[in-house]
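Per-entry structural report
Listed below, chain by chain, are the residues.
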Number of protein chains: 2
Amino acid sequence: MRRTKKERQQLLSETIVENPFVTDEQLATQFQVSVQTIRLDRMELAIPELRERIKDVASKTYENEVKSLPIDEVIGEIIDIELDQRALSIFDVKEEHVFQRNGIARGHHLFAQANSLAVAVINDELALTVHANITFVQPVHAGDRVITKATVVERDEVKQRTKIEVVSTVNGETVFAGEFDMYRTKG
Amino acid sequence: MRRTKKERQQLLSETIVENPFVTDEQLATQFQVSVQTIRLDRMELAIPELRERIKDVASKTYENEVKSLPIDEVIGEIIDIELDQRALSIFDVKEEHVFQRNGIARGHHLFAQANSLAVAVINDELALTVHANITFVQPVHAGDRVITKATVVERDEVKQRTKIEVVSTVNGETVFAGEFDMYRTKG
DNA sequence: TTGTTATTAGCACTTGGTACTAACATCAGT
DNA sequence: ACTGATGTTAGTACCAAGTGCTAATAACAA
């Protein structure tokens, strides 16, 4: 045995999770065992055959097509909202959001969270950012949990504008602040 | 013939686009023709077999998983740059960048392009956005090609600040403008 | 030595096809 | 009515990537 059965099965699981498009034959070559052994392994691990795996991936896309887009509309997770008044969202900064060089979050992610919260708080189908004045007060790092609060401070129904103040904090400290001028269709 | 060949093939295309998981046999039943006819139809229409269709759907998910997460790396393609002076980038707005509801590009994508260009133009390892004053002049839609120009307008070596003006245009018309205040380590 | 577990081999069968050949059916034009 | 083009159906051999099953062999431990 090149490896123990357990080891092989562990690696097998990982390999298939990583790349569901791999055939039993490819796996057999990779692990230097027979195709039959791979099949037995899949049985024991209750891993479906290639075609089923691919179908699963594909059908999940089809489900997600309806679900993931609306979720995507907001950067960060909204945890509280009172339309036309205030809203609160959380955004966990991960490795993929920071500059590799210095580990500091890229500005546009903080902006994205703030901006989408500003859009979300407005009780209207159409809300667009017209103007924004923003300040990056302190650098944010991977692992930080950014809590962002948007507050509607002014509403001009004639001009169809709404002014929103947004403040983002990490551990109570302000890291980002901005004033957003939003346009809306319904006054 | 229940329908003409053309009609059937038209419906066939639509059916498969709508539900790529349908087999030739199901299609044959649905259109009251033989499986062979369906196969010939697929040939003429260059529609791949079920398994290939499913694989396509599945692999697109896998591509997207890599593509959709990086709202991070370089937003837009930098086509010209003179460090500490000016830079130019192009960003093609696609379906995934706009609000489903109204087809207008979400503000943070335009901001992201402008912001990363501002970061890129600075000849320094560490460049951070401190403050930004931005205006979304006109809505941008899917299919638009946004050309963004960043120009360094002021540099304070003592305060380690650099002021950059950014203007984004679509077909020569300004759609976004901003002033970015950047911090840098090397004066 | 015997028993257990692990591995390999081989065969028949399945799905959803491809590739190819051949037989018909239908209708249009002359 | 005959010919030809087009459309449809049938049938065969073959393929990939399996399942399900039986049987042989290897490795090791008690």
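The rules behind the values
- Residues numbered from 1 in each chain as written.
- Chains lettered and ligands numbered in written order.
- Predicted model: local features only at pLDDT ≥ 70, side-chain atom pairs only at ≥ 80, totals over all residues.
- Heavy atoms only, no water.
- UniProt positions renumbered as here; feature names shortened; annotations may be inferred.
- Helix = DSSP H or I, 4+ residues; strand = E, 2+ residues; numbered from the N terminus.
- Expected span 1.5 Å × (residues − 1).
- Buried < 20%, exposed > 50% of the residue type's maximum accessible area, 1.4 Å probe, protein only.
- Core = buried A, V, L, I, M, F, W, Y, C linked by side-chain atoms within 4.5 Å.
- Contact = heavy atoms within 4.5 Å.
- Near = heavy atom within 4 Å.
- Polar contact = N/O pair within 3.5 Å; in protein donor to acceptor, adjacent residues only side chain to side chain.
- Axes fitted to C-alpha atoms, helices over the stretch in contact; angles between N-to-C directions.
- Parallel < 35°, antiparallel > 145°, perpendicular 65-115°, else oblique.
- Nonpolar A, V, L, I, M, F, W, Y, C, P; charged D, E, K, R; others polar.
- Pairing = 2+ DSSP bridges.

Chain A is annotated in an unreviewed UniProt entry as Transcription factor FapR from Lysinibacillus piscis. Reading the Sequence similarities (unreviewed entry) entry of the UniProt record for chain A gives the comment "Belongs to the FapR family." One UniProt comment on chain A, placed under Function (unreviewed entry), says "Transcriptional factor involved in regulation of membrane lipid biosynthesis by repressing genes involved in fatty acid and phospholipid metabolism."

1. As for helix H5 (residues 107-121) of chain A
Between the first and last C-alpha of H5 of chain A there are 21 Å, a value that for 15 residues agrees with the 21 Å anticipated at 1.5 Å per step. Taken across its 15 residues, H5 of chain A has 15 buried, putting it largely inside the fold.

2. Brief notes about unusual backbone geometry
Residue and element names in this part refer to chain A. Of note in this structure, Ala 46 is not a glycine but carries a positive phi near 55°. Locating Ala 46 in the fold gives a position in the loop between helix H3 (35-45) and helix H4 (50-72). In this structure, Gln 160 takes a positive phi of about 60° despite not being glycine. You can see Gln 160 is positioned in the loop between strand S4 (145-156) and strand S5 (161-170).

3. Thoughts on the nonpolar core
The nonpolar side chains of a soluble globular protein tend to be buried, and buried together. Formed by 66 residues in total, the largest nonpolar core has its most connected members in Ile 134, Ile 164 and Phe 180 of chain A together with Ile 134, Ile 164 and Phe 180 of chain B. At 8 residues, H5 of chain A tops the list of elements feeding residues into this core. In contact with Phe 180 of chain B, not counting residues within four places along its chain, are Phe 111, Ala 114, Asn 115, Ala 118, Thr 129, His 131, Ala 132, Ile 134, Thr 162, Lys 163, Ile 164 and Val 166 of chain B.

4. Regarding the protein's contact with DNA strand D
Taken together, 17 residues lie near DNA strand D, and Leu 50 and Arg 51 of chain A together with Arg 8, Ser 34 and Thr 37 of chain B sit nearest. Of everything in DNA strand D that lies within 4 Å of the protein, sugar and phosphate atoms constitute 70%. Taking Ser 34 of chain B, its main chain carries an N or O atom lying 2.9 Å from a phosphate oxygen of DNA strand D. Thr 37 of chain B is positioned with one of its side-chain polar atoms (N or O) 2.5 Å from a phosphate oxygen of DNA strand D. Going through the elements one at a time, H3 and H4 of chain A together with helix H1 (5-18) and helix H3 (35-45) of chain B are the ones with two or more residues in the surface near DNA strand D.

5. Section: the packing of helix H2 (residues 24-31) of chain B against H3 of chain B
All names here are of chain B. Close contact between H2 and H3 brings their axes to 8 Å; oriented N to C, the two are set at 105°. Comparing the axis directions of H2 and H3 gives the class roughly perpendicular. Between H2 and H3, the contacting residues are Asp 24, Glu 25, Leu 27, Ala 28 and Phe 31 on the first element and Val 35, Ile 38, Arg 39 and Arg 42 on the second. Of the residues that constitute the contact of H2 with H3, the class distribution is 5 nonpolar, no polar and 4 charged.

6. Points about the interface of chain B and chain A
In this complex, chain B contributes 41 residues to the contact, which on the side of chain A involves 44 residues. Linking chain B to chain A there are 10 residue pairs in polar contact (both at pLDDT 80 or more). No other element matches strand S3 (residues 127-136) of chain B, which puts 9 residues into the side of chain B that touches chain A. Relative to S3 of chain B, strand S3 (residues 127-136) of chain A runs antiparallel, the two sharing 5 bridges. Of the residues in S3 of chain B, the one forming a bridge with Ile 134 of chain A is Ala 132 of chain B.

7. Considering the protein's contact with DNA strand C
Taken together, the neighbourhood of DNA strand C is formed by 17 residues, with Arg 8 and Thr 37 of chain A together with Arg 42, Leu 50 and Arg 51 of chain B sitting nearest. Counting only atoms of DNA strand C within 4 Å of the protein, the fraction found in sugar and phosphate groups is 68%. Within the contact set of DNA strand C, a phosphate oxygen lies 2.8 Å away from a side-chain nitrogen or oxygen of Arg 8 of chain A. Arg 42 of chain B has a polar side-chain atom sitting 3.0 Å from a phosphate oxygen of DNA strand C. For the surface near DNA strand C, the secondary-structure elements that each account for two or more residues are helix H1 (5-18) and H3 of chain A together with H3 and helix H4 (50-68) of chain B.

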